[in-house]
Amino acid sequence: MTAATPPTSYLQRVGRAPAIRALFIQCVSMPLTLLTVYLLARLHGPLNEYSAVLLQGGWAALLTWRAGLARWWRWIQLLFPAALMLALALQLPPWLFLLAFLLSLGWYWSTFRTQVPYYPSTPEIWDAVRQVLPAGKPLRMIDIGSGLGGLVLYLARQCPQATCMGIELAPLPWLYSRLRAMLAGSRAQFILGDYEKLDFAQFQLVFAYLSPAAMTALWRKSSAELQPGSMLLSYEFAIEGQPPDQTIHATESGKPLYIWYF
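Everything numeric in this text was worked out from a predicted model, so none of it was measured.

A few words now on the nonpolar core. Counting 50 residues, the largest nonpolar core has Ile144, Leu155, Phe207 and Leu218 as the members making the most contacts within it. For phenylalanine 207, the contacting residues outside a window of four places in its chain are Ile125, Val129, Ile142, Asp143, Ile144, Leu151, Leu233, Tyr235 and Leu257.

Take unusual backbone geometry next. Residues other than glycine seldom take positive phi values, yet glutamate 236 does so here, at roughly 75°. The topology assignment puts glutamate 236 in the loop between strand 5 (231-235) and strand 6 (246-249). Of the residues examined, glutamate 236 reaches a relative accessible area of 23% and is grouped as partly exposed.

Scanning all chains against the criterion turns up three salt bridges. Notably, a salt bridge pairs arginine 130 with aspartate 127, separated by 2.7 Å at the nearest N-O pair. Of this pair, arginine 130 and aspartate 127 both sit in helix 7 (residues 123-132), three residues apart, which is roughly one turn of the helix. Judged by relative accessible area, which is 28%, arginine 130 ranks as partly exposed. Exposure remark for aspartate 127: the relative accessible area of 21% places this residue in the partly exposed category.

Take the environment of valine 132 next. Structurally, the position occupied by valine 132 is in helix 7. On the basis of relative accessibility, which here comes to 17%, the residue valine 132 falls in the buried class. Counting along the chain gives 116 residues from valine 132 to isoleucine 248, while the straight-line C-alpha distance between them is 10.0 Å. Not counting residues up to four positions away in its chain, the partners in contact with valine 132 are Met231, Ile248 and Ile259.

Okay, the sheet that holds strand 4 (residues 205-208) next. Within the open sheet, the seven strands sit side by side as 3-2-1-4-5-7-6. Their pairing is mixed. The two strands at the open ends of the sheet, each matched to only one other strand, are strand 3 (189-192) and strand 6. Each strand axis lies, on average, 20° off the axis of its neighbour in the sheet, ignoring direction. Bridging between strand 2 (residues 162-168) and strand 3 involves four bridges; their strand directions are parallel. Paired with isoleucine 167 across the bridge in strand 3 is isoleucine 191. Contacts from helix 9 (residues 171-184) reach strand 2 and strand 3, with the element oriented near 160° to strand 3.

Our next topic: the environment of tyrosine 209. As for its position among the elements, tyrosine 209 is in the loop between strand 4 and helix 10 (215-225). In this structure tyrosine 209 comes out as buried when scored by relative accessible area, which is 8%. Side chain to side chain, tyrosine 209 and glutamate 236 meet in a polar contact 2.7 Å long.

So, about the pairing of strand 2. With six of seven residues buried, strand 2 is to be regarded as a mostly interior element. Note that strand 1 (residues 139-144) and strand 2 share six bridges and pair parallel. If you follow leucine 139 over to strand 2, its bridge partner there is alanine 162. For the segment spanning strand 1, helix 8 (residues 150-158) and strand 2, crossover handedness is right-handed. Where the polypeptide runs from strand 2 across helix 9 and back to strand 3, its parallel neighbour, the crossover connection is right-handed.

Time to look at the packing of aromatic side chains. Under the definition given, this model contains seven aromatic pairs. Aromatic ring contacts, followed pair by pair, group Trp219, Tyr258, Trp260 and Phe262 into a single cluster. One residue, arginine 66, lies across the ring of tryptophan 65, its end atom 5.4 Å from the ring centre.

Procedures and definitions
- Residues numbered from 1 in each chain as written.
- Predicted model: local features only at pLDDT ≥ 70, side-chain atom pairs only at ≥ 80, totals over all residues.
- Heavy atoms only, no water.
- Core = buried A, V, L, I, M, F, W, Y, C linked by side-chain atoms within 4.5 Å.
- Buried < 20%, exposed > 50% of the residue type's maximum accessible area, 1.4 Å probe, protein only.
- Contact = heavy atoms within 4.5 Å.
- Helix = DSSP H or I, 4+ residues; strand = E, 2+ residues; numbered from the N terminus.
- Salt bridge = Lys/Arg side-chain N within 4 Å of Asp/Glu carboxyl O.
- Pairing = 2+ DSSP bridges.
- Axes fitted to C-alpha atoms, helices over the stretch in contact; angles between N-to-C directions.
- Polar contact = N/O pair within 3.5 Å; in protein donor to acceptor, adjacent residues only side chain to side chain.
- Right-handed = clockwise from strand over helix to strand, strands pointing away.
- Phe/Tyr/Trp six-rings, centres within 6.5 Å; stacked < 30°, edge-to-face > 60°.
- Lys NZ or Arg CZ within 6 Å of the ring centre and 35° of its normal.

Here's what the structure looks like:
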């Protein structure tokens, strides 16, 4: 009999977050950069602050690639030291950095943990979802990670028989969605919170536009909680090992809308 896998603590989950790993890689790159600068100095190589910045970014990008982080992290790591040097050279007031941090925190919130950045859907996708809804049949739908609320507001206008809801973890997009619904007199409802703590059993349609990193956990939750007759929709991102029951290409970009029926 095998031993049960111990539950993962919050600190362990945060420690595995790509942003935390990227910060750790930058720290590890510093002694490697210093060593490289020392060796170049011994060899009488060309050295200045710009070459040191390039070395720091290069080491960080290389270690990021070796660590298996997503491709865009390599560019972030490569350019981060140069961006920091530029910010220091501009001598910007400290309050500006604080403001930028607070705005970023309010907009992206725990992207570092969830690995789900802001991905806005388009009206073409909204209408494709509308066409999937059973005509004239009342149902409850939710957009998990609803962002600025475009899909939910659209469906609330077009489908009066449906109860349309969105849930968003980041405070600023959620607040913006609430204000849009209030000013428009919309029936759309928006919840501030984490969809992982939501019971999917109360919905007949769940729409997701997340990221590849979140899809396996989304499938586990959906298969455990969604009731017979329900649907899971995912724009652009498929679920590994779970072929969709239907695929719709609603945009010129060719990005698909995947549908699983339960």
